[in-house]
Every structure is written in structure tokens, then in C-alpha cells.
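A look at the structure
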Amino acid sequence: MEAAASRQQEQALLLLLEKMHFVSPDRLPSLFNGYAADLGIRAMTIFLADLRQNTLVSLPEGPDQPSLRLGVDDSEAGRTYRTGQLQTSEHRAGGLQLWLPMNDGMDRIGVLEVRTDTLDQGTLQVCRTLASLLALAVIGKGGHSDAYSRLQRSAPLKLEAEMAWAYMPPRTMGTEQVTSSAVLEPAYDLGGDAFDHSLIEGELHITVLDSMGHDLLSGLTSTVAMSSCRNVRRSSSGSLREIVATVDTNLATWFPDRFITGVFAHLDLANGTLNWINCGHPTPLLLRDQNPVPGALDRDPQLPLGIAHGLAGDHGPHAWRIDTVQLQPGDRVLLYTDGVTEAEAQDGTRFGQERFTDFIIRAIAAGEPTPEALRRLVNNILTYQDGRLSDDATILVFEWHPTRT
């Protein structure tokens, strides 16, 4: 009997894997629920995180069905999103209610609710497989439709923010050797901040940018800078000097009255060598054994991007200096824009670097996942400044963990 049920569940999963590629995005919930009985469950509901990661929004089964909204900070579904751990409870209509994380690799997408009469090892495995399949389906179909993006917005997006998010990578990514996670606010009103992280040929490439101003032109400037960086990475060896020189030249050519500060870094995943160029940006911070290492990444400042090209003169191109440090397993590097530390309370007191690093250290010590620590931190900064930032605030943390199993 159990073997027959297992074969039926396996066949249903295979059919879903085949059919989900051809269904329209809005019909994904009804497709999967159509196989609920064959999978040995009652029903399932897909919840996606909104842009600010404070609300989980359900995908309705049809155009006439309402979309449910659950708080990330005050619901069982939110607990799963925050911790990445399965949650179970009794459902008010009978049976059990399961909440499972939906992830794209290491990036949090949302939560899957599954209702079932019983929970054995086979059913649990089916539920985990469903969460993985649906995560893949949502990511794959999200680029072909505006349906999911529309649901995930809790407020109108300004034009510059629309443009910025279109170029942003997933918030979190990584492998068994490294993890990188970022957060950016104000989510619906971005100006000139941007971040990027990418893995290629045994290296982690990191970029954090802060364009002058807080308008559409600021967003355009950051977009050109990020596109220049990716163009070099994808067209050649992508050396740091080539990347920075190309960004500097393109900014000076197309936006001669603008400049950007930024950090461009390459981490060798095999040996932990970190190379970086800091172009007038706040100094990154190094955390080791849950403590800051004073002055570890302090170096003489270099020119912001968009300025050096015009100062080259008769001496040839500007010579960008590459700084180097050797990381130890478990080291974390924090990059941020000045909107983080310069956020001000009503009395004019700034949030500051000490408060910022202390928050991260306490979260790490408590075993909190980095994406969740950053989500809470940026909410803390928003609260500190009465819910509205006067400047973009971007934080990116990457950890080198070559010995992690």
C-alpha cells in the first residue's frame, strides 16, 4: 500500500515538473493544487515576500480569489521565512498545516503552506520537493510576467527604483565556500545606490555603488556603472583595474557632472585572498570571530569614479591601486553606503558605525541567518529615522567559509 502511494506521488511530481513549464504564471497555484490528492495532501498555497520583506503575499488560485497577506514578524509563515526552518501546527479546519521555505539557491523567495491529514517521512519529502519545484517555477516565470511583481509591491515604485531593481541581482547567493547577502532601502524610492555579486572562475566579484544625488539621473549613473562592470566581467578577464577604469571612463563620457563612490572586490575562493579598489567609499569592515578587526581594511582613499578620467592629463591613464588582505576561514566583510551610518534620529544623533557593527555582531552571535540579520537591521535603521531615510542605505556582507560542511 505504501509503495503504491509512493509511486503515485512520484508520478504526480514528474507530471508537475513537465507541465509547470507551459502553464501561465497566474495558473501555477491551480495546476499544483490539481494534483494535491495524488500527492497525498489536501492543498497548498504559495506566499511570496514583498519587496521590503515585511509581508508574505499569497498567489491566488484565480482572478476572483483574494490575495492573503501575512506579517513576516508576527506569523508562523513569517517564522519560516525568518529562520528558514519548517513550522507545523494544527489547522483550524482539521489536519496539519506546514510552512516550508521557498528558496532560489540561498535567496529567500517566500513560503509554501501545505495542508495535510498526516505527516510521515514520505509526505514530508513530497512537501520539500514541492517547495523546491515551486521556487524554480516562480523564478522562471517571474521574468516572463508582471503578475508576481505586482503582488509583491506594497506601495507604488518610483521610476528610479523601478530601474534600479531591474538591474539588481538576487539579494543572497553563495556556495559551500562563500555566502554573500545584501539589503537596500528605501525599497520603493531608491536613488543612486546599487550592489552586485557574482561567481566566476573560482572568484566572488563584489560591487557596491553610491551615486551622488537622489533622482533619476542618480539611478541612471549607477545603472551605467553597474552595466560597465558586468560588461568587462563578461567580455574579458575582468581584472579589477580594467573594471574600475572602464566605469570611470564611461561615467566621465556620459555623465561629466556626476560621480560615484564604490568598492570593487574580488575574493579568491580557494585561498581567501581579497583584492579590492575603494573609490572614495566608506571603508569596509572585517569581522573575525564575531569581533571587528580595527583598521584591517583601512587604506589611503582613492578618487571617486567619474573624476579620475579627467585628471589623467599627459601622464596617461590614472593608476588605480589594488589593496590586498588575507582572509581567514569564517571571516566576514561588511560593505555599506553612508546612508547606513549617517541616518539621523530626531535629536540629530547619527546611527553610526558602532551601532551598525554591534547589531550585526549580536545577530551573528545569536545564530541568525545573515539575510534575516540584514532585514532586521535595515528596519531598525528605518525606525531610527522615523520610517523615512534621507539617503539610500545599502549593506552587503560576505563570508568566506571554505571548511564549512
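None of these values were measured; they are calculated from a predicted model. (Residues numbered from 1 in each chain as written. Predicted model: local features only at pLDDT ≥ 70, side-chain atom pairs only at ≥ 80, totals over all residues. Heavy atoms only, no water.)

Focus on the side chain of N33
So the rule is basically this: Numbering of helices and strands runs from the N terminus; a helix is a DSSP stretch of H or I covering at least four residues, while a strand is a stretch of E covering at least two. Here the term buried applies to any residue with accessible area under 20% of the maximum for its type, exposed to any over 50%, and partly exposed to those in between, with areas from a 1.4 Å probe on protein chains only. We call two residues contacting when some pair of their heavy atoms lies within 4.5 Å.
Structurally, N33 is set in helix 2 (residues 28-33). Residue classification places N33 among the buried residues on the basis of a relative accessible area of 15%. Here N33 is in contact with A43, M44 and E61, once residues within four sequence places are set aside.

Points about a nonpolar patch on the surface
Basically, it comes down to this: Exposure above 30% relative accessible area and the lack of any salt bridge qualify a residue for a patch; like charges then connect within 9 Å, and the nonpolar side chains Val, Leu, Ile, Met, Phe, Trp and Tyr within 5 Å. Computed with a 1.4 Å probe, the accessible areas rest on the Shrake-Rupley method; for each residue, only the protein chains presented here act as cover. The term salt bridge refers to a pairing of a side-chain nitrogen on Lys or Arg with a carboxyl oxygen on Asp or Glu at a separation within 4 Å.
Residues L159, L216, L217 and L220 make up a contiguous nonpolar surface patch of about 320 Å² in total accessible area. Examining the composition of the nonpolar patch, we find that three residues originate from one element, helix 8 (residues 216-235), more than from any other. Counting through the fold element by element, L216 comes out in helix 8. Its relative accessible area of 35% is what places L216 among the partly exposed residues.

A look at the side chain of T172
This is how the line gets drawn: Counting of polar contacts relies on pairs of N or O atoms within 3.5 Å, with two restrictions inside protein: one atom must be capable of donating a hydrogen and the other of accepting it, and residues adjacent in sequence are counted only when both atoms are side-chain atoms.
Tracing the backbone shows T172 in strand 7 (residues 172-174). Judged by relative accessible area, which is 6%, T172 ranks as buried. Side-chain polar atoms of T172 contact the side chain of S181, separated by 2.8 Å. When residues no more than four places from it in sequence are discounted, the contact partners of T172 are M106, D107, T179, S180, S181, H197 and P371.

Side note on the pattern of salt bridges
Side chains that differ in charge, positive against negative, can pair when their charged atoms come close. With the rule as written, the count across this model stands at 18 salt bridges. With a shortest N-O distance of 2.9 Å, D196 and R230 are connected by a salt bridge. Of the two residues, D196 sits in strand 9 (residues 193-200) while R230 sits in helix 8, which places them 34 residues apart along the sequence. For D196, a relative accessible area of 3% corresponds to the buried category. Owing to a relative accessible area of 12%, R230 belongs among the buried residues under this scheme. Notably, a salt bridge pairs R233 with D196, separated by 3.2 Å at the nearest N-O pair.

Let's talk about the domain arrangement of the chain
Where we set the bar: For the domain bounds, the source is a domain assignment made automatically or taken from a database. The term buried area refers to how much accessible surface (probe radius 1.4 Å) is lost by two components on association, counted for both of them together.
Looking at the assigned domains, one finds that the chain contains domain 1 (1-152) and domain 2 (159-400). Using C-alpha coordinates to define each centre, domain 1 is positioned 34 Å away from domain 2. Interface area, domain 1 with domain 2, both sides summed: about 1,400 Å², of which 48% is carbon and sulfur. When the buried area of domain 1 at its contact with domain 2 is split by residue, L51, R52 and M106 rank highest and sum to 48% of it. Linking domain 1 with domain 2 are three salt bridges. Counting across the domain 1 and domain 2 interface gives ten residue pairs in polar contact (both at pLDDT 80 or more). Contributing elements (two or more residues each) for the side of domain 1 that touches domain 2: helix 4 (76-83) and strand 6 (107-116).

A word on helix 5 (residues 121-142)
Quick note on the threshold: For a helix, the expected span equals 1.5 Å multiplied by the residue count minus one.
Here helix 5 spans 31 Å end to end across 22 residues, near enough to the 32 Å set by a 1.5 Å rise per residue. Buried within helix 5 are the following residues: T123, L124, V126, C127, L130, A131, L133, L134, A135, A137, V138 and K141. Two or three places before G122, at the opening of helix 5, D120 has a side-chain oxygen 3.3 Å from that residue's backbone nitrogen.

Some thoughts on the pairing of strand 17 (residues 393-400)
Put simply, the test is: We call two strands paired when DSSP finds no fewer than two bridges between them.
Of all eight residues making up strand 17, eight are buried, and the element is well covered by its neighbours. Of the two faces of strand 17, the one holding A393, I395, V397 and E399 and the one holding T394, L396, F398 and W400 are both buried throughout. Bridge count for strand 8 (residues 178-185) against strand 17 is eight bridges, and the pairing is antiparallel. Paired with T179 across the bridge in strand 17 is E399. Sheet analysis places strand 16 (residues 332-336) next to strand 17, joined by five bridges and oriented antiparallel. Across the sheet, residue L335 finds its bridge partner in strand 17, namely L396.

Overview of the packing of helix 12 (residues 352-365) against helix 13 (residues 370-384)
Heads up, the rule is: An axis is simply a line fitted to the C-alpha atoms; with a helix, the fit covers only the stretch in contact. Between two such axes, the angle follows the N-to-C directions and lies from 0 to 180 degrees. Less than a right angle of anticlockwise turn of the near helix away from the far helix marks a crossing as left-handed, whereas a clockwise turn marks it as right-handed. Polar here means any residue other than Ala, Val, Leu, Ile, Met, Phe, Trp, Tyr, Cys and Pro, which are nonpolar, and Asp, Glu, Lys and Arg, which are charged; Gly is therefore polar.
As a packed pair, helix 12 and helix 13 sit with axes 10 Å apart at the nearest point and diverge in direction by 145°. In this structure, the crossing between helix 12 and helix 13 has a hand that is right-handed. Between helix 12 and helix 13, the residues in contact are R355, F356, F359, I360 and A363 and A373, L374, R376, L377, N380 and Y384, respectively. For the contact of helix 12 with helix 13, the class distribution of residues is eight nonpolar, one polar and two charged.

Observations regarding the sheet that holds strand 7
Ordered in space as 7-8-17-16-13-14, the six strands form an open sheet in which the pairing is antiparallel. Of all the strands in the sheet, the pair left with one neighbour each is strand 7 and strand 14 (291-292). Set on the sheet, helix 12 makes contact with strand 13 (285-288), strand 14, strand 16 and strand 17; between it and strand 13 the angle comes to about 30°.

Considerations on the packing of helix 8 against helix 9 (residues 240-254)
Between helix 8 and helix 9, whose axes approach to 9 Å, the crossing angle comes to 145°. Handedness of the crossing formed by helix 8 with helix 9: right-handed. Where helix 8 approaches helix 9, its residues T221, V224, A225, S228, C229, V232 and R233 are matched on the opposing element by E242, I243, T246, V247, N250 and L251. Looking at the contact of helix 8 with helix 9, its residues break down into seven nonpolar, four polar and two charged.

Here we look at the pairing of strand 4 (residues 87-90)
Both strand 4 and strand 5 (residues 96-104) contribute to a ladder of four bridges, which runs antiparallel. Residue E90 lies in a different strand from strand 5, and its bridge partner there is L96. In this antiparallel pair of consecutive strands, strand 4 and strand 5, the connection spans five residues, and G94 shows a positive phi of 100°.

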